[in-house]
Amino acid sequence: MVRAMAIHKEVAIRRVLIANRGEIAIRIIRTLRELEIESVAVFSDVDRCAAHVLLADMALPIGAAPAAESYLVMDKIIAACKESGADAVHPGYGFLSENAVFAERLEKEGIILIGPPANAMRLMGSKTEARKVMLESNIPVVPGESGPGGNGFDDAVSAMVAAESIGYPVLIKAAAGGGGKGMRMVEEKSAFEAAFAGARREALNAFGDDTVFVEKAVIRPRHVEIQVFADQHGNVVHLGERDCSMQRRHQKVIEESPCPDVSEELRQKMGEVAVTAAKTCNYVGAGTVEFLLTATGEFYFLEMNTRLQVEHPVTEMVYGVDLVAWQILVAEGKPLPLSQEEINQRRRGVAMECRIYAEDPIRFLPSPGTIQTLRVPAGPYVRDDSCAYEGVEISMYYDPLISKLITWGDTREQVIARMRRALAEYRVVGIETNISFHQRVMTHPSFVAGEYDTGTIERDEELRTPRIAKGTELEAGIAVAALRDHMGGPKSMGAEVDGATNGATMSGSAWRSPLPTWRSR
Ligand code: MV4
C-alpha cells in the first residue's frame, strides 16, 4: 500500500463546537475543559435546559426538537461554528458523525473535523465496497457474494444461485445497512425469494438504496470489536477489544473489555487485522473494526465504524487513556502519544459498561418524562457518564440513553461485584429505566460465567422477566418516598423506584431553570 504523505502542519484547536447532545456531548466537554479548550454547545428547542448546555462555555440554539430540524442540519451546525468562532467540530456518535458530505463541507469552510477523512467514511458506509477492499487486503470476511462487479444483486435468481454455493443458512444484507436494518436470515432455498424481496424493500425504505448482498450466516457469534487509532503521520495502533454481544434487537446493552473469550494471541491477531483495515482506507482518528467471533475462534470482518463509539469508556478504563484527548491531538496534526508496545503494556484489569436507558424494563419501550428524584452511583472504580439530573425532562425525540455506568476491576469477578454494588445505588423517580434488567444480568449464571453471545438476551426469557421484588429493593423505594415526603415534594403514592414494585409514575410540577439562549464566560 502506498500512502501519499502530505506534510502536515500542526494547528492549535482553541474552540470546539460539539454537534451533539446528551451524555456524549458532556463527555467531550469534560476533556475540552481539561485541555483548556473552549466548548460550544448547540441545542434544540426541547434541549434548552439539557445538561450539555449547562456545562458548555457557550450554547447556541439550532432549531426545533426533531433531529432533522436541528442536530442533523449541516447548514445550522456550520452557521453555529461561524457565529461562535469555533475552529473545530466534534460530532460525537450518531447524527452527522459518519456523514461524508458533512466532512467535506466542513473542510471547504476551513473548519477542522475531529473525525476521519470523508473518503474513509464513504468507503466504510458501503458494506459491499468495504467487503471488496478488505478482501483485497487479505482481511478475513464472512464467506459471501456481492453480485456482478461486487455491487449487489439485481435479481433474486442470481442471488439464489450465490446462496446455494455459499450454503444455507445465509443472511441477505443491505449494502447501505449496518445495525441490522434490511437484514434477513434465510434457512432454506424455499424461503429465499420472499426474503430477498423483503430485504430490498426494507433497504430502500431505510436507506433509499436497495443494494443487497449475501453472506453465510455465522451461528451464535460473539460481537467483538477492536478500537483503532490513526494519526496524520501514518501511525496506526489498536487498543484491544470490546465484547458487545449483550445486545437486544441490535441495541447494545452491556459492553466489556477484554472479551472473556479472547486470548492474548487472538487479541494480537485481531488487532493486527484491524490495524491493516484502518491502513487500507487511509484512516485517521478513532475508529472501530467490528468482527464476528465464532465459538471455535475464527473471526470475520463485519464493518468499520468511523466514529468514537458509545462504549469507548471501557477501553479508556482498561488502558488508562482519554480517547477524546487523543482525537483532539490527532486533529491538531500531532503524533499518537503512545506506541503499540506502550499501549500493550498499559492494559490492566477488566472494565464493563451498562447502558442505562429511559425505558420500560419489561416491554423495552421508551419511557419519556421528568426525572424527579435522582441519586447516582459513585465511589471506588465507578464512572457515571450521564446527562441526567433532577428536574430534566427526558423527551421522546432522541435516543433513550441517559447514562452509562462503567466499572473497573482487577478481575471480571470484581468488575461484576462493583457493577452490582453501583447499580444498587441508583435511585430514580419519574421515569422508568432498565436498571432492574441490568441487575438481573449481573446475577445471571451464563453472563457471570462469561458465556454469552449475540442471541443470549433474545433466547433467555428469564433474563427479560423481572423476579419478585426483593426486600432491599422495596426498602429502597420506601427510602425515596420518605425522602420526598420530608422534602415536601410530590406525594410518594405509587412512586416508581427502579428495582421496586411497579406503580404509576409520579407526576408533579417539574423544576425548571430560566436559562438564556446564549452564555459566554
Ligand atoms: C452477521 C451475523 C451472522 N452471520 N453476519 C447484525 C448487525 C450487522 N452489523 C451485522 N449483524 C450480523 N451479521 C453473518 N454473516 C450476525 C449478526 C448479528 C449481530 C452482529 C453483531 C451484534 C449483534 C448481532 C445480533 C444479531 C445478528
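Predicted model, so just to flag it, every value in this text is computed and none were measured. (Residues numbered from 1 in each chain as written. Predicted model: local features only at pLDDT ≥ 70, side-chain atom pairs only at ≥ 80, totals over all residues. Heavy atoms only, no water.)

1. Section: the packing of aromatic side chains
Taken as a whole and assessed by the stated rule, the structure comprises nine aromatic pairs. Aromatic pair Y71 and Y398: ring centres 5.6 Å apart, planes at 80°, arrangement edge-to-face. Pair noted here: Y71 is in the loop between β3 (58–63) and α3 (74–84) and Y398 is in the loop between β19 (393–394) and β20 (401–409), with a separation of 327 residues, a long-range link. Y398 shares its class with Y71; the two are buried. A cation over a ring is seen here: R222 above Y452, with NZ or CZ 4.3 Å from the ring centre. Cation over ring: R248 sits above F364, and NZ or CZ is 3.9 Å from the ring centre. (Phe/Tyr/Trp six-rings, centres within 6.5 Å; stacked < 30°, edge-to-face > 60°. Helix = DSSP H or I, 4+ residues; strand = E, 2+ residues; numbered from the N terminus. Buried < 20%, exposed > 50% of the residue type's maximum accessible area, 1.4 Å probe, protein only. Lys NZ or Arg CZ within 6 Å of the ring centre and 35° of its normal.)

2. With respect to helix α1 (residues 22–34)
Taking 1.5 Å per residue, 13 residues should reach 18 Å; α1 reaches 19 Å between its end C-alpha atoms and fits that length. With respect to burial, α1 is a largely interior element, ten of its 13 residues being buried. The complete set of buried residues in α1 reads G22, E23, I24, A25, I26, R27, I28, I29, T31 and L32. Once α1 finishes, E36 follows within two positions and takes phi at roughly 55°, a positive value. (Expected span 1.5 Å × (residues − 1).)

3. Some points on the confidence of the model for the protein chain
Here the protein chain averages 90 in pLDDT, and 88% of its residues register 70 or above. Highest mean pLDDT in the protein chain belongs to strand β4 (residues 88–90) (99); lowest belongs to helix α18 (residues 471–487) (63). Between residues 491–521, whose pLDDT stays under 50, and residues either more than four places distant or in other chains, the model counts 78 contacts. (pLDDT = per-residue confidence, 0-100. Contact = heavy atoms within 4.5 Å.)

4. What to know about the sheet that holds strand β1 (residues 15–18)
One open sheet holds the five strands; their spatial order is β3-β2-β1-β4-β5, and the pairing between them is parallel. This sheet does not close on itself; its edge strands, each paired only once, are β3 and β5 (112–113). Sheet topology note: the β1/strand β2 (residues 38–44) ladder contains four bridges and is parallel. Residue pairing across strands places L17 opposite V40, the latter belonging to β2. Against the sheet, α1 contacts β1, β2 and β4, and its axis sits at roughly 175° relative to β1. (Pairing = 2+ DSSP bridges. Axes fitted to C-alpha atoms, helices over the stretch in contact; angles between N-to-C directions.)

5. Concerning the sheet that holds strand β13 (residues 285–293)
Strand order in the open sheet formed by eight strands is β14-β13-β10-β11-β12-β15-β20-β18, and the pairing between neighbours is antiparallel. Only two strands of the sheet have a single neighbouring strand rather than two, namely β14 (299–305) and β18 (382–386). Strand-to-strand twist of the sheet, defined as the mean angle between neighbouring strand axes without regard to direction, takes the value 25°. Alignment of β18 against β20, held across five bridges, turns out to be antiparallel. Pairing of R383 across the sheet is with I406, part of β20. Docked against the sheet, α1 engages β18 and β20, running at close to 115° with respect to β18.

6. Overview of helix α13 (residues 412–425)
The end-to-end C-alpha distance of α13 is 20 Å, a good match for the 20 Å that 14 residues give at a rise of 1.5 Å each. Looking at α13, one finds that the buried residues are R412, V415, I416, R418, M419, A422 and L423. The arc that holds the buried residues of α13, viewed along the axis, is 165°, so those residues lie on one side. If you follow the buried residues of α13, they end up packed against β12 (251–257), β15 (350–357), β18, β20, α14 (435–441) and α15 (445–448). (Arc of directions from axis to C-beta.)

7. Regarding the site of the ligand
Near the ligand, the surroundings consist of 17 residues, among which K173, E215, K216, V218 and H223 are the closest. Between the ligand and V218 there is a distance of 2.8 Å, counted from a nitrogen atom to a backbone nitrogen or oxygen. For the ligand, the accessible surface in isolation is 510 Å², of which the surrounding protein chains cover 89%. Contributions of two or more residues to the shell around the ligand are made by β7 (170–174), β9 (212–216) and β14. When residues of the shell around the ligand are assigned to domains, at least three map to each of domain 2 (143–216) and domain 3 (222–472). (Near = heavy atom within 4 Å. Polar contact = N/O pair within 3.5 Å; in protein donor to acceptor, adjacent residues only side chain to side chain. Areas by Shrake-Rupley, 256 points an atom, 1.4 Å probe, with all protein chains shown as cover. Domains from an automatic or database assignment.)

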